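# Structural characterization, general
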Amino acid sequence: MKTVRLLSMMVVLCSGLWAQSGAQLKMDLDHLEKKADEVVKVNLEGESLGLGQKLLAVRDGVTSPVKELVKGLKGIYMRRFWFRSKDSYEREDADGIRKQMSGPGWVPMIDVRKKPDGLTVYSYMENEKVAGVTVLSEQAQEFTVVNIVGPVDLETLINLGNQLGLPPMKIATTELPQKTTLPPPAPGK
Amino acid sequence: MDRMEDELRQIYRRHTPSPDFTERVMGQVRAEAKRKFIPFRWAAVGALAASLTVAFFVGRQQQKQQRLQQEAELAETQLLESLQVAGFKIGQAREAVLRPISQEEVRP
């Protein structure tokens, strides 16, 4: 009986490990959250992601490459922090995230650094295919990390960034702490 | 033939009802009405209970549906927003890589 229980526990543990992709990062950024004046957190996986995927699949005005991109996703996690004053955080604050991407499978694709700003794009490779992407953007008053788990077509993603083939966006902020809010800076500034 | 006539006469002879005849008949009518009313009442109560149960479950289902719809819309918005942010940043990075280096940047 003990052996059966032990075996079933092992099966459960192994399936949990198997289910979690190596492309998923541990978003351990509580220290930055405390410093930030505005926070946006997105954690989409499992059922909630499935709901969004289903709804998007039947939406008019969304191009089929976007639908294809979304369909294959296994998880998406985003953290955006805005700071009232410059130099509110250190580059080292994101070391935890960077360290995770020094592990196997992760490849730094683009690294643009123009002090004090930095923009790094990492891809996670699995069987020679992109199985995840992480974008790490560090600006004087803004810190953003987006971790996408699943196959990603970068071209579609860039087009999406230019808001091509999309209905007008609503801004959804979740888990916003009760702090004085700053208007989000204009994109690209 | 006589026997038959006798029998008929016996059957059709005038009977005088007993003094409590009306009371007994009315009592039976009342009892019968009551007997019929009880199942009807229970049926009405049952139908009402069934209607309420159905209404409760339909309402709950609608609430669940509405909640799911709201969750789906929020998830969809968050999903697109996150992808847009990522796409925008990757586009920026690509532009920076593809941008020709200016003379100012080349000079030491």
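This section reports on the structure supplied with the text. Keep in mind it's a predicted model, so treat the numbers as computed, not measured.

### Details of the pairing of strand E1 (residues 38–45) of chain A
All names here are of chain A. The buried fraction of E1 is high, at six of eight residues. Judged from the eight bridges that link them, E1 and strand E2 (residues 75–82) form a sheet pairing that is antiparallel. Paired with glutamate 38 across the bridge in E2 is tryptophan 82.

### Side note on the sheet that holds strand E6 (residues 142–149) of chain A
Residue and element names in this part refer to chain A. Spatially, E1-E2-E6-E5-E4-E3 is the arrangement adopted by the six strands of the open sheet, whose pairing is antiparallel. Unpaired on one side and paired on the other, E1 and strand E3 (106–114) mark the two borders of the sheet. The average angle at which neighbouring strand axes cross in this sheet is 5°, direction not considered. Direction of pairing for strand E4 (residues 117–126) relative to strand E5 (residues 129–138): antiparallel, over a ladder of nine bridges. The residue of E5 that forms the bridge with serine 123 is valine 133.

### Topic: the interface of chain B and chain A
With 28 residues of chain B at the contact, the number on the chain A side is 44 residues. Across the chain B to chain A interface the summed buried area is about 3300 Å²; carbon plus sulfur atoms make up 74%. Inspection of the region where chain B meets chain A yields three salt bridges. There are five residue pairs in polar contact (both at pLDDT 80 or more) connecting chain B and chain A. Here the side of chain B that touches chain A is built from residues that sort into 14 nonpolar, eight polar and six charged.

### Some details on the packing of aromatic side chains
Residue and element names in this part refer to chain A. Summed over all chains, the structure comprises five aromatic pairs over all chains. Aromatic pair tyrosine 89 and phenylalanine 143: ring centres 5.6 Å apart, planes at 80°, arrangement edge-to-face. With tyrosine 89 in the loop between E2 and helix H5 (95–100) and phenylalanine 143 in strand E6, this residue pair connects regions lying 54 residues apart in the sequence. Given the relative accessible area of 0%, phenylalanine 143 is considered buried. Through a chain of ring-to-ring contacts, three or more aromatic side chains come together here, namely Phe81, Phe83, Tyr89 and Phe143.

Each value, and the rule that gives it
- Residues numbered from 1 in each chain as written.
- Chains lettered and ligands numbered in written order.
- Predicted model: local features only at pLDDT ≥ 70, side-chain atom pairs only at ≥ 80, totals over all residues.
- Heavy atoms only, no water.
- Buried < 20%, exposed > 50% of the residue type's maximum accessible area, 1.4 Å probe, protein only.
- Helix = DSSP H or I, 4+ residues; strand = E, 2+ residues; numbered from the N terminus.
- Pairing = 2+ DSSP bridges.
- Axes fitted to C-alpha atoms, helices over the stretch in contact; angles between N-to-C directions.
- Contact = heavy atoms within 4.5 Å.
- Buried area = accessible area lost by both parts, 1.4 Å probe.
- Salt bridge = Lys/Arg side-chain N within 4 Å of Asp/Glu carboxyl O.
- Polar contact = N/O pair within 3.5 Å; in protein donor to acceptor, adjacent residues only side chain to side chain.
- Nonpolar A, V, L, I, M, F, W, Y, C, P; charged D, E, K, R; others polar.
- Phe/Tyr/Trp six-rings, centres within 6.5 Å; stacked < 30°, edge-to-face > 60°.

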